[in-house]
Amino acid sequence: MKRYIIPVFIPHYGCTNECVFCNQHKITGSQTTVNEYHVRKIILDWLERLNYAAFIEVAFYGGSFTALSIEKQQELLNPAYEFLKQDKIQAIRISTRPDAIDDLILRNLILYGVSIIELGVQSLDNKVLKKSCRGHTKEDVELAVAAIRKYANFKLGLQVMPGLPKDTLLKGLLTIRNIIELKPDFVRIYPTVVLNHTKLAKLYCENQYTPLSLDESIKYCSILKILLDNHQIPIIRMGLQATENLNSANVLAGPYHPAFGELVQAEIFYLSITKFLEKINLYKKNFLKQEIIIFHSNRLTSKIRGNKNSNIKKWSRIFPYFNLKFSQEANEKNFIKIKCDNQIYTLNINLISNI
Ligand code: SF4
């Protein structure tokens with residue numbers, strides 16, 4: 001069944017921190033002061049617009065939900081919980097900081113029917129966390145995860161941010177290795193971008209911080225995705241979502257792209273098919289042009305060809321003796337077929353990250 005997310009934004013509520021990258025108003029696209037009345041109205045408005053059968057979830061985004069006072073958490077959760085009890089919605093999700101989790105807070109969330117918790121982890125390297133003014137450590141994350149895992153009530157999501165100050169690919173790999181050990185139910189990956197009116201913007205303008213380029217970020221996140229895919233940990237979002245208030249005009253620098261996830265998938269197709277072509281190349285006996293046809297379904301066209309045909313251009317450079325052709329004839333959605341020397345090889349796209 002399709003999911004229908006009703007987002008309730010609580011910008012900067014509950015948060016006493018000032019992470020270098022955060023301009024919560026810009027990220028959430030909302031500057032409203034939220035109270036019980038607003039939450040009820042938002043849910044009713046979204047329910048009214050829904051015209052298909054769906055699994056409906058109310059999601060409190062932005063701010064640090066559990067850093068609010070217990071009374072304020074109860075006030076905001078109350079209307080959502082009423083809808084949950086009436087089976088008008090099926091789940092309540094909150095996102096928060098790792099150091100704003102304890103047993104009392106978790107028991108309160110259970111009382112109000114919260115079933116999904118997302119923790120902003122960002123990195124599991126203490127130097128990166130410190131330089132990013134996160135105000136928590138790797139150990140805080142481990143304690144929070146252990147506390148949440150004591151209860152079977154919650155699905156747990158972890159958010160990471162490649163490219164923070166002092167981050168490196170190696171630190172990113174170690175972070176993902178630790179994340180895999182923490183066994184989250186899902187992960188979000190937000191490559192760091194420099195938003196206007198943030199500390200990071202100041203550091204950037206003073207030449208004290210260089211963001212990843214789009215290309216570097218795509219390569220970095222492709223590796224993280226391959227590792228997570230290999231451990232069957234779903235990534236539910238990659239790259240900041242474009243909203244009315246978050247667009248390229250608010251991004252001062254960094255790897256922001258409205259279709260970032262698609263670019264990462266195209267990179268993974270590039271790596272996988274390249275590996276396959278390398279094997280064919282290895283056994284090629286002469287320097288004559290050899291025709292290779294890649295059959296794929298329509299929906300994979302942009303991912304296989306890459307952004308502005310970037311994958312095709314790279315393959316033409318690396319494999320000058322291949323005459324690569326592409327055909328959208330394959331009926332099979334889950335496979336790519338590669339025809340070469342009258343042989344047909346099949347790649348299962350669900351396993352493509354394992355190649
Ligand atoms: S903890 Fe979250 S809301 Fe608070 S400053 Fe950091 S990113 Fe922004």
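On a predicted model such as this, the values are computed, not experimentally measured, just so you know.

## Brief notes about the domain arrangement of the protein chain
Domain boundaries in the protein chain define domain 1 (3-257) and domain 2 (265-351). Summarising the inter-unit geometry, the C-alpha centres of domain 1 and domain 2 are found 36 Å apart. Across the boundary between the two partners, domain 1 contributes six residues, which contact five residues of domain 2. Together domain 1 and domain 2 conceal approximately 420 Å² of surface at their shared face, both sides included; 73% is due to carbon and sulfur atoms. The largest share of the area that domain 1 buries against domain 2 comes from Ser222, Lys225 and Ile226, three residues that together contribute 61% of it. For the interface between domain 1 and domain 2, the tally reads zero salt bridges. Seen at the junction of domain 1 and domain 2, the total is zero residue pairs in polar contact (both at pLDDT 80 or more). Counted by class, the side of domain 1 that touches domain 2 contains two nonpolar, two polar and two charged residues.

## A closer look at the nonpolar core
Among the nonpolar cores identified, the biggest contains 62 residues, and Phe60, Leu109 and Leu119 are the most heavily contacted of them. Element by element, the count of residues in this core is highest for helix α9 (residues 214-230), at six residues. Not counting residues within four places of it along the chain, the set of residues in contact with Leu119 comprises Thr96, Arg97, Pro98, Ile101, Ala144, Val145, Ile148, Leu156, Gly157, Leu158 and Gln159.

## Examining the packing of aromatic side chains
Inspection of the entire model under this criterion finds 10 aromatic pairs. Summarising the aromatic geometry, the rings of Phe60 and Phe65 are spaced 5.0 Å apart at their centres and angled 50° between planes, so their arrangement reads as tilted. Here Phe60 and Phe65 have matching classes, each one buried. Here the aromatic residues Tyr4, Trp46 and Tyr52 are joined through ring pairs into a cluster of three or more. If you follow Lys2 out to its NZ or CZ, it ends over the ring of Tyr52, 4.9 Å from the centre. Lys314 extends its terminal NZ or CZ atom over the ring of Tyr270, reaching a point 4.1 Å from the ring centre.

## Some remarks on the packing of helix α7 (residues 169-182) against α9
Two elements in contact, α7 and α9, have axes separated by 10 Å at closest approach and are oriented at 25°. It follows from the interaxial angle that α7 and α9 lie roughly parallel. Both α7 and α9 take part in a crossing whose hand is right-handed. Where α7 abuts α9, its residues Leu169, Gly172, Leu173, Ile176 and Ile180 lie against Tyr220, Ile223, Leu224, Leu227 and Leu228. In terms of residue class, the contact of α7 with α9 is built from nine nonpolar, one polar and no charged.

## Considering helix α4 (residues 103-111)
Residues of α4 that are buried: Ile105, Leu106, Asn108 and Leu109. Looking down the long axis of α4, one finds its buried residues gathered within 160° of arc, a one-sided arrangement. In α4, those exposed residues whose orientation departs by more than 90 degrees from the buried face are Leu104 and Leu111. You can read the cap of α4 off the contacts: a side-chain oxygen lies 3.1 Å from the backbone nitrogen of Leu104, and it is on Asp102. Immediately downstream of α4, the backbone of Gly113 shows phi near 75°, a positive value.

## A look at the pairing of strand β12 (residues 335-340)
Each regular strand carries side chains that alternate between the two faces of the sheet. Where burial is concerned, the two faces of β12 differ: the one with Ile336, Ile338 and Cys340 is buried and the one with Phe335, Lys337 and Lys339 is not. Strand direction decides the pairing type here: strand β10 (residues 290-295) and β12, joined by four bridges, are antiparallel. Residue pairing for β12: Ile293 is matched across the bridge by Lys339. Two successive antiparallel strands, β12 and strand β13 (residues 343-348), enclose a turn made up of two residues, where Asp341 displays a positive phi of approximately 55°.

## Digging into the site of the ligand
Taken together, Cys15, Asn17, Glu18, Cys19, Phe21, Cys22, Gln24, Gly63, Ser64, Arg97 and Arg134 form the complete shell of residues around the ligand. A breakdown of the residues in the shell around the ligand according to their chemical character gives four nonpolar, four polar and three charged.

Thresholds, definitions, all that
- Residues numbered from 1 in each chain as written.
- Predicted model: local features only at pLDDT ≥ 70, side-chain atom pairs only at ≥ 80, totals over all residues.
- Heavy atoms only, no water.
- Domains from an automatic or database assignment.
- Contact = heavy atoms within 4.5 Å.
- Buried area = accessible area lost by both parts, 1.4 Å probe.
- Salt bridge = Lys/Arg side-chain N within 4 Å of Asp/Glu carboxyl O.
- Polar contact = N/O pair within 3.5 Å; in protein donor to acceptor, adjacent residues only side chain to side chain.
- Nonpolar A, V, L, I, M, F, W, Y, C, P; charged D, E, K, R; others polar.
- Core = buried A, V, L, I, M, F, W, Y, C linked by side-chain atoms within 4.5 Å.
- Buried < 20%, exposed > 50% of the residue type's maximum accessible area, 1.4 Å probe, protein only.
- Helix = DSSP H or I, 4+ residues; strand = E, 2+ residues; numbered from the N terminus.
- Phe/Tyr/Trp six-rings, centres within 6.5 Å; stacked < 30°, edge-to-face > 60°.
- Lys NZ or Arg CZ within 6 Å of the ring centre and 35° of its normal.
- Axes fitted to C-alpha atoms, helices over the stretch in contact; angles between N-to-C directions.
- Parallel < 35°, antiparallel > 145°, perpendicular 65-115°, else oblique.
- Left-handed = near helix turned anticlockwise from the far one by under 90°.
- Arc of directions from axis to C-beta.
- Pairing = 2+ DSSP bridges.
- Near = heavy atom within 4 Å.

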